[in-house]
Amino acid sequence: MTATATKPSTTTARSQQPAGQDRSAGRRRSSTIVVTALLVVVALYFLIPVYWVVVASTKSTADLFSTNGFLFAPTFSLWENLGRVLSYDQGIFGRWFLNSAIYAGVGALLATYFAAAGGYALAKYEFKGRNLVFGTILGGVLVPGTATALPLFLLFSQMGLANTYWSVLLPSLVSPFGLFLCRIYAQATVDTSLIEAARIDGAGELRIFHTIGLKVLTPALVTVFLFQLVGIWNNYFLPLVMLSDSELYPITLGLNNWLSQVDRLPEFYELTTGGVLLSIIPLSIAMIVLQRFWRGGLTEGAVK
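Residues numbered from 1 in each chain as written. Predicted model: local features only at pLDDT ≥ 70, side-chain atom pairs only at ≥ 80, totals over all residues. Heavy atoms only, no water.

Peer 1: Quick one: what's the story with the packing of aromatic side chains, residue by residue and with numbers?
Peer 2: A full pass over the atoms with the stated rule returns 17 aromatic pairs. Ring centres of Phe-134 and Phe-180 lie 6.0 Å apart, and the angle between their planes is 20°; this geometry places the pair in the stacked category. Of this pair, Phe-134 sits in helix 6 (residues 130–141) while Phe-180 sits in helix 9 (residues 176–189), and the two are 46 residues apart along the sequence. Sitting over the face of the ring of Phe-134, Arg-183 holds its NZ or CZ atom 4.0 Å from the ring centroid. (Phe/Tyr/Trp six-rings, centres within 6.5 Å; stacked < 30°, edge-to-face > 60°. Helix = DSSP H or I, 4+ residues; strand = E, 2+ residues; numbered from the N terminus. Lys NZ or Arg CZ within 6 Å of the ring centre and 35° of its normal.)

Peer 1: So, empty space enclosed by the protein: which residues are in play, and what are the values?
Peer 2: Tallying each qualifying case throughout the model produces 1 cavity of 30 Å³ or more. If you add up the space inside the largest cavity, you get close to 30 Å³. Along the walls of the largest cavity sit Ser-100, Tyr-103, Ala-104, Val-168, Ile-232, Trp-233, Asn-235, Pro-239 and Pro-250, which together make up its complete lining. Counting residues per element, the ones that place at least two in the lining of the largest cavity are helix 5 (92–124) and helix 12 (218–233). Here the element with the most residues in the lining of the largest cavity is helix 5; it accounts for 3 residues. Classifying every residue of the lining of the largest cavity gives 7 nonpolar, 2 polar and no charged. (1 Å grid on protein atoms, 1.4 Å probe; cavity = no way out; pocket = protein on both sides within 12 Å on 5 of 7 lines; lining within 4 Å. Points joined across faces, edges and corners; volume = space filled by probe spheres on them. Nonpolar A, V, L, I, M, F, W, Y, C, P; charged D, E, K, R; others polar.)

Peer 1: Could you give me a rundown of the pattern of salt bridges, with the residues and numbers involved?
Peer 2: Tallying each qualifying case throughout the model produces 4 salt bridges. A salt bridge links Glu-270 to Arg-84; the nearest nitrogen and oxygen atoms lie 3.1 Å apart. Of this pair, Glu-270 sits in helix 15 (residues 268–299) while Arg-84 sits in helix 4 (residues 78–87), placing them 186 residues apart in sequence. For Arg-84, a relative accessible area of 41% corresponds to the partly exposed category. Here Arg-95 ties to Glu-247 by a salt bridge, and the two come within 3.0 Å at their closest N and O atoms. One end of the pair, Arg-95, is in helix 5; the other, Glu-247, is in the loop between helix 13 (237–242) and helix 14 (251–259), with 152 residues separating them in the sequence. (Salt bridge = Lys/Arg side-chain N within 4 Å of Asp/Glu carboxyl O. Buried < 20%, exposed > 50% of the residue type's maximum accessible area, 1.4 Å probe, protein only.)

Peer 1: Talk me through the side chain of Thr-112; I want residue IDs and the actual numbers.
Peer 2: Turning to its location among the elements, Thr-112 is positioned in helix 5. Look at Thr-112 and you get buried, because its relative accessible area is 8%.

Peer 1: Before we move on, could you go through helix 11 (residues 205–216) and cite the residues and values that matter?
Peer 2: Under the 1.5 Å per step criterion, the end-to-end length of helix 11 is 15 Å for 12 residues, consistent within 8% with the ideal 16 Å. For helix 11, the set of buried residues is Ile-208, Phe-209, Ile-212, Gly-213 and Leu-214. Buried residues belonging to helix 11 abut helix 5, helix 10 (192–200) and helix 12. (Expected span 1.5 Å × (residues − 1). Contact = heavy atoms within 4.5 Å.)

Peer 1: Can you tell me about the packing of helix 9 against helix 12, naming the residues and giving the values?
Peer 2: At their nearest, the axes of helix 9 and helix 12 sit 10 Å apart, and the two run at 170° to each other. The angle between the axes of helix 9 and helix 12 places the two elements in the roughly antiparallel class. For the pair helix 9 and helix 12, contact is made by Phe-177, Gly-178, Leu-181, Cys-182 and Tyr-185 and by Pro-219, Ala-220, Leu-221, Thr-223, Val-224 and Phe-227, respectively. Here the contact of helix 9 with helix 12 is composed, by residue class, of 9 nonpolar, 2 polar and no charged. (Axes fitted to C-alpha atoms, helices over the stretch in contact; angles between N-to-C directions. Parallel < 35°, antiparallel > 145°, perpendicular 65-115°, else oblique.)

Peer 1: Provide a residue-level description of unusual backbone geometry, including the pertinent values.
Peer 2: With a phi close to 50°, Asp-89 is a non-glycine residue in the positive phi region. Structurally, Asp-89 can be placed in the loop between helix 4 and helix 5. Within the chain, Asn-163 stands out as a residue other than glycine whose phi angle is a positive 60°. Structurally, Asn-163 can be placed in the loop between helix 7 (145–159) and helix 8 (165–169). For Asn-163, a relative accessible area of 28% corresponds to the partly exposed category.

Peer 1: How would you summarise the nonpolar core if you had to cite specific residues and measurements?
Peer 2: Judged by nonpolar contacts, the single largest core of 37 residues is most densely connected at Phe-93, Trp-96, Leu-229, Leu-243 and Trp-258. Of all elements in the fold, only helix 4, helix 5, helix 7, helix 12, helix 13, helix 14 and helix 15 reach the threshold of two or more residues within this core. Excluding residues within four positions of it along the chain, Trp-96 makes contact with Ser-246, Tyr-249, Pro-250, Ile-251, Gly-254, Leu-255 and Trp-258. Ala-116, Ile-195, Ala-198 and Ile-208 belong to the second-largest nonpolar core, a separate cluster that totals 20 residues. (Core = buried A, V, L, I, M, F, W, Y, C linked by side-chain atoms within 4.5 Å.)

Peer 1: I'd like a description of the layout of surface pockets, backed by residues and values.
Peer 2: Taken as a whole, the largest pocket holds about 760 Å³ of empty space. What lines the largest pocket is a set of 26 residues, among which Gly-145, Pro-171, Val-174, Pro-176 and Gln-228 lie closest to the centre. Residue assignment for the lining of the largest pocket shows that the elements contributing at least two residues are helix 6, helix 7, helix 9, helix 12 and helix 13. Quantified by volume, the second largest pocket comes out at close to 400 Å³.

Dropping the structure here:
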């Protein structure tokens, strides 16, 4: 009697145990393989050009055309190439690097702050015409930057700002996509009752925004900042239209200027590949440093 009674319970326990421990429930092996393969293809799509740049920057001009593009040459010339990049024309590359850091760093930081302020206001304040303002800003996402470059040049020329730092920096302070993202994120994460409690405690609106709003919006702010940083750092057309003084060039415009001279002076291949390698280092560092804020923001509030 006892053995008969315990047998079904043992069978039931065995049948329930795999279900509780199976973490692949709802996933097929074939779908996992397909997703993994797609991710590998996407990763290779982004990493292969970076790998080619690293390899090409270690070669001389002769080795660049006489050896396989994805294999290192017998002669390792990386440090010589980087030395030429930094010393050519009295260190003009360092000036271009500093210009890009100013354009991208200051522009991305201020654009992120303005996007956060605008998105927070559109999400948490009730005022007449709010949806119209948001719709107008959202329409700005659909307008490509190349379409506004020439009107901006004519406007800045009349204002005397063409061929200055301001001609590249001021357009970088506007991010319609960033404002859209911050508004959506603020609606979903910033608790209205928390704002009302801060008002009851006597906090002003600016203090509430800086102490509560910005802290809650951190993952969105990191996203906007990185998008702006990469966009401004890689921007080529706007500086091309606005700037004529090589001392004000960003890296993109300066490297293209070097590349246009390779037919006359082949050694500019070494300068260009070495400069491209140096230009991707700041973006890589920014991605590595800031990605932890994404992980922290995604898991925030997951455990009560």
